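Residue-level structure breakdown
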Amino acid sequence: MNIHEYQAKELLQKFDVATTRGRVASSLDDAEQIARELGDVDIVVKAQIHAGGRGKGTFKNGFKGGVHIRRTPDQVRDVALKMLGQILVTHQTGPAGRKVNKLLVAESADIAREIYFAVLLDRATAAPVIVASTEGGVEIEAVAAKSPEKIIREPIDPLAGLQPFQARKLAKQLSFEPPQLKSASKLFEGLYRTFVAYDCSMVEVNPLVVTTKGEVLALDAKFNFDDNALYRHPEIAALRDIAEEDPREVEASKHGLNYIGLDGNIACLVNGAGLAMATMDIIKFYGGEPANFLDVGGGATEEQVTEAFKILIADKKVKAILVNIFGGIMKCDIIAQGIINAAKTLKLSVLLVVRLEGTNVEAGKKLIADSGLAVIAADDLADAAQKAVKAAAGKK
Amino acid sequence: MSILVDKSARLVVQGITGGAGAFHTRQCMDYGTNVVAGVTPGKGGQMFDGKVPVFDTVSEARRETSCNASMVFVPAPAAADSILEAVDTGVELVVCITEGIPVMDMMRVKALMRGKQSRLIGPNCPGIITPGACKIGIMPGYIHKPGNIGVISRSGTLTYEAVWQLTSRGYGQSTCIGIGGDPIGGLAHLDCVKLFNEDPGTDAIILIGEIGGSAEEEAAEWIKKNCEKPVAAFIAGMTAPPGRRMGHAGAIVSGGKGTAAGKIETLKEAGIAVAETPAAIADTLIARMKA
């Protein structure tokens, strides 16, 4: 789950992480009022959408840039008028763009130095690790590739947490001046507390800045939350912005289905995440393009199978559907009944390739054969993938 | 021969009275697994299906029945605590089937398990089976066949696919382990490879991995130096887009790391035969065994 920049700022403020003054505006009056409160400083106005590349984006109304610096409340109101309610297109949004419903209005920091700082979960050690670098404001992967010696890694004991001496050590390694050591350490500790408190898998601050006045501030923060832990953080779950997500994925999640939309024309319906990924891979291997990842889970019901088909055929690019089920606990005859019901009620117009294996496979195959449906039966996974690729190509 | 479990396993099921727990306990018993106890706090004193005594705590179950392995079906919010409860009693093997456990919880479990004698399989896994002897998990028993191929995998149904390919070609399995799809879990690919390498009943190994993390690479490095048994592998997620979690919490390519292409290259460099498609896993191993 992703959250907006202004929401990240609010989370940081709860844990006393110093950041620039400012808040979110949903209307022109809000924007003007916030600017007035900020006083006689440079003010940055930023479009709040989940996609990156906002600064270089263009609004569909012709206005250039999703990030602007202004000085007075009137100027802020004027620029907000051109952004609020408009569609912003960036290299990450695709040509459809995203509607800007909110703006972050904040004091523009006078930056002297930029630092990279992240707390993340290290799978290899099964513990948190802090990754930091004096080379902030740029892509950290690029720094790691070009000058790995500039990446600092500080492992954290998961039971004891970040110790004050570790925060001081990091502050020194990141070349903070003596008067800034305390505020830098405090900021690091606040970030670590935020990471733990919200069950994050990553909190990345890029850049963490030192201003010309010597303040240490988190300028922008990116959060990755552990979806498995959202049940105990209703306040985080509430930050979800469905308007920013693929509507097909939103619909799928309502029915307990795990769906990710892709660009190909062969839809897949599979039980199990590993097998679902492998099914996409074998489609590609035989020259086709998967339209999605879809895991119906271990115990899908007939109803879930029907819902899954609805989502698959709502994608107009889809020319063929490949059903690949390895019945373990899930029985093939139940899946077969789900397929038959879905095909009949939805009047499927795309080609359907079905591969069933496992528990009650004979009963499942018989149900499909007797149903009168135009189903292409496949014997094994390779056969199924080849038949689906052929079906999709034939209908182009 | 086999690794980790055989006929001597005496199983306690934590969460035995829940829907999934009860169903799969019966499936395991039908397969021949010796289920000696169940645990559900507050239901101590009951009998499960008239045969298996239920206790309030694992320590009572351990004292009364000498159980030496546990299968955990407790719902995610309490599952980490259940694993630790089993570990505290010293049972040798804990198999956690539960999916959706917060990763911070598993981080604490891992830290608290250091220096303990118990081994953990999972969470979010299908479990472990030694065909013909003992099944601790949710895999369909009948697709397996006793034999001498060891199978290690992160995923459930993809493991069934590989096992079924082996069985249909007449090749049986010594033990099959689903280690689970979460970012932090118990035994890793490498731990299982080491056990299979030492097991005289295992002649060859299938290793099934997926995008995310570096566990497959770590196993490959070790195999290159230490393993003389034939190894075949498959890595799922060649077509997975970066930054998207593909079902399993651990299956994600982030920051250019954990890609299928990178893993396949490392595996090949270690002399492992990598199947080009998931349909060719068994054939790839068989060809390597004959080479």
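Structural notes, computed from the coordinates. All values reported here derive from a predicted model rather than from experimental measurement. (Residues numbered from 1 in each chain as written. Chains lettered and ligands numbered in written order. Predicted model: local features only at pLDDT ≥ 70, side-chain atom pairs only at ≥ 80, totals over all residues. Heavy atoms only, no water.)

What to know about the overall build of chain B
- Along its length, chain B carries nine helices and 14 strands.
- Computed over its C-alpha atoms, the radius of gyration of chain B comes to 18 Å, within 12% of the 19 Å expected for a compact globule of 291 residues.
- Oriented by its inertia axes, the alpha-carbon framework of chain B measures out at about 55 × 40 × 30 Å.
- Burial status across chain B gives 63% buried among its 291 residues.
- Taking the contacts inside chain B whose residues are at least 6 apart along the sequence as the reference set, 72% of them involve residues at least 24 apart.
- As presented, chain B carries roughly 10400 Å² of accessible surface, and 49% of it is formed by carbon and sulfur atoms.
- The average position of the 27 basic charges and that of the 28 acidic charges among the side chains of chain B differ by 1 Å. (Helix = DSSP H or I, 4+ residues; strand = E, 2+ residues; numbered from the N terminus. Rg over C-alpha atoms; globule rule 2.2 N^0.38 Å. Buried < 20%, exposed > 50% of the residue type's maximum accessible area, 1.4 Å probe, protein only. Contact = heavy atoms within 4.5 Å. Areas by Shrake-Rupley, 256 points an atom, 1.4 Å probe, with all protein chains shown as cover. Lys, Arg positive; Asp, Glu negative; His and termini not counted. Charge placed at Lys NZ, Arg CZ, Asp CG, Glu CD.)

Re the sheet that holds strand 10 (residues 146-153) of chain B
All names here are of chain B.
- If you trace the seven strands from one edge of the open sheet to the other, you get 9-8-11-10-12-13-14, paired in mixed fashion. Only two strands of the sheet have a single partner each, and these edge strands are strand 9 (134-137) and strand 14 (273-274).
- In this sheet, strand 11 (residues 173-178) lies alongside strand 10 in parallel orientation, the contact comprising six bridges. When the bridges of strand 11 are listed, Ser153 appears paired with Gly178. (Pairing = 2+ DSSP bridges.)

A few points about the interface of chain A and chain B
- Contact with chain A, which involves 47 residues of that partner, is made by 54 residues of chain B.
- At the boundary of chain A with chain B, total buried surface from both sides reaches about 4000 Å², with 66% on carbon and sulfur atoms.
- It is Arg123, Met277 and Phe326 of chain A in chain A that bury the most area against chain B; as a group they hold 18% of the surface buried on that side.
- Where chain A packs against chain B, one counts four salt bridges.
- The partner of Arg355 of chain A in a salt bridge is Glu161 of chain B, with the nearest N and O atoms 2.8 Å apart.
- For the pair chain A and chain B, the number of links is 13 residue pairs in polar contact (both at pLDDT 80 or more).
- Among the secondary structure elements, those contributing two or more residues to the side of chain A that touches chain B are strand 9 (127-133), helix 6 (181-197), strand 14 (258-261), helix 9 (273-285), strand 17 (320-327), strand 18 (351-358) and helix 13 (381-394) of chain A.
- In terms of residues, the side of chain A that touches chain B owes the most to one element, helix 9 of chain A, which gives ten residues.
- A per-class count over the side of chain A that touches chain B returns 26 nonpolar, ten polar and eleven charged. (Buried area = accessible area lost by both parts, 1.4 Å probe. Salt bridge = Lys/Arg side-chain N within 4 Å of Asp/Glu carboxyl O. Polar contact = N/O pair within 3.5 Å; in protein donor to acceptor, adjacent residues only side chain to side chain. Nonpolar A, V, L, I, M, F, W, Y, C, P; charged D, E, K, R; others polar.)

Some thoughts on the packing of helix 11 (residues 332-346) of chain A against helix 12 (residues 361-370) of chain A
Residues and elements named next belong to chain A.
- Across the interface, helix 11 lies against helix 12 with an axial gap of 7 Å and an inter-helix angle of 20°. In terms of axis orientation, helix 11 runs roughly parallel to helix 12. Seen along the crossing, helix 11 lies across helix 12 with a hand that is right-handed. Only Val361, Ala363, Gly364, Leu367 and Ile368 of helix 12 make contact with helix 11, whose side of the interface consists of Cys332, Asp333, Ala336, Gln337, Ile339 and Ile340. (Axes fitted to C-alpha atoms, helices over the stretch in contact; angles between N-to-C directions. Parallel < 35°, antiparallel > 145°, perpendicular 65-115°, else oblique. Left-handed = near helix turned anticlockwise from the far one by under 90°.)

A closer look at the pattern of salt bridges
All names here are of chain B.
- Summed over the entire model, instances satisfying the criterion amount to 36 salt bridges over all chains.
- For Lys263, the salt bridge identified is with Glu217, shortest N-O distance 3.1 Å. Highlighted residues: Lys263 in helix 8 (residues 260-269) and Glu217 in helix 7 (residues 215-226), separated in sequence by 46 residues. Both residues of the pair, Lys263 and Glu217, count as buried.
- When salt bridges with common partners are traced through the structure, they connect Arg154, Glu210, Glu216, Glu217 and Lys263 into a single cluster.

A short note on unusual backbone geometry
- Cis rather than trans, the peptide bond between Asn206 of chain A and Pro207 of chain A has omega equal to 10°.
- By the element assignment, Pro207 of chain A lies in strand 11 (residues 200-211).
- The omega torsion of the bond from Gly122 of chain B to Pro123 of chain B falls at 10°, within 30 degrees of zero and hence cis.
- At Asn124 of chain B, a residue that is not glycine, the phi angle is positive and equals roughly 55°.

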